[in-house]
Amino acid sequence: MKKERTAMYSEFIIQSNGTIKENIGFVANPNSTFDPDEITKMLNIIPNNTMKLGEERKKGKGLYPFSTWSGCRKDTPRLEVEKQIMSSINQLKDKISILKEIKKKYDVNFYMKSVPSIFNEGAPYVHYNQKIIDFCYQTGTELGVHLYVFDTPKEESR
């Protein structure tokens, strides 16, 4: 049996702004529609995932009620959120003016997400240095950590 190892990824996400409506879910604001291909051209970064408002969902029924562009994904076995996020920000730090243009042109939110998957090991070290705070302040980016903690069964004694 393969032993899973703790790992982490981070990514930068551009998503339609909107509201959560009862019995419907998330609904994008009317002026928050964007074409992910346009974002790719503007940033000159290949995304790892995109969704366009009104397109058929890749898995499941219905249409996407918002647009999303996610890129700058970095996968590593490290548990230091700060270093993980900095590796993503390094791809974006010379594109701050373009990000501001995107935010002005479309009603969108920016997120920097870190996702540690922990398998019976130590917890991640969550720290945000001044460079991260400055980037987020300049671009209006929100930070998030999504923890996935797994309890792997111990091998039985023989």
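Scroll up for the structure.
Keep in mind that this is a model prediction, so the values were computed, not measured.

Cut-offs applied
Residues numbered from 1 in each chain as written. Predicted model: local features only at pLDDT ≥ 70, side-chain atom pairs only at ≥ 80, totals over all residues. Heavy atoms only, no water. Salt bridge = Lys/Arg side-chain N within 4 Å of Asp/Glu carboxyl O. Buried < 20%, exposed > 50% of the residue type's maximum accessible area, 1.4 Å probe, protein only. Core = buried A, V, L, I, M, F, W, Y, C linked by side-chain atoms within 4.5 Å. Helix = DSSP H or I, 4+ residues; strand = E, 2+ residues; numbered from the N terminus. Contact = heavy atoms within 4.5 Å. Polar contact = N/O pair within 3.5 Å; in protein donor to acceptor, adjacent residues only side chain to side chain. Phe/Tyr/Trp six-rings, centres within 6.5 Å; stacked < 30°, edge-to-face > 60°.

1. A look at the pattern of salt bridges
On inspection of all chains with the given rule, the structure shows 5 salt bridges. One salt bridge connects lysine 83 with glutamate 80, and the closest N-O pair in it is separated by 3.5 Å. By relative accessible area, glutamate 80 is classed as partly exposed at 31%.

2. Some thoughts on the nonpolar core
Among the nonpolar cores identified, the biggest contains 26 residues, and Phe12, Ile14, Leu99 and Ile102 are the most heavily contacted of them. Of all the secondary structure elements, the ones that give two or more residues to this core are strand S1 (7–16), helix H1 (36–43), strand S5 (68–76), helix H2 (81–92), helix H3 (96–105), strand S6 (108–119) and helix H4 (130–139). If you tally residues by element for this core, the top one is H2, at 5 residues.

3. Here we look at the environment of tryptophan 69
Here tryptophan 69 shows up in strand S5. You can call tryptophan 69 buried: its relative accessible area is 0%. Here tryptophan 69 is in contact with Phe12, Ile13, Ile14, Phe34, Pro36, Ile39, Thr40, Leu43, Ile45, Pro47, Asn49 and Thr50, once residues within four sequence places are set aside. In terms of polar contacts, tryptophan 69 uses its side chain to reach the side chain of threonine 40, at 3.0 Å.

4. Quick look at the packing of aromatic side chains
One pass over the structure, following the stated rule, counts 4 aromatic pairs. When the centroid spacing of 5.5 Å and the interplanar angle of 85° are considered together, the rings of phenylalanine 26 and phenylalanine 66 count as edge-to-face. Here phenylalanine 26 is found in strand S3 (residues 25–28), whereas its partner phenylalanine 66 is found in the loop between strand S4 (49–51) and S5, with 40 residues between them in sequence. Take phenylalanine 26: its relative accessible area is 24%, and that puts it in the partly exposed class. Between phenylalanine 34 and tyrosine 106 the ring centres are 5.9 Å apart and the planes differ by 55°, which places this aromatic pair in the tilted class. You can see phenylalanine 34 sitting in the loop between S3 and H1 and its partner tyrosine 106 sitting in the loop between H3 and S6, a full 72 residues away along the chain. Of the residues examined, phenylalanine 34 reaches a relative accessible area of 2% and is grouped as buried. You can call tyrosine 106 buried: its relative accessible area is 12%. Counting every residue linked through ring pairs, the aromatic cluster contains Phe12, Phe110 and Phe135.

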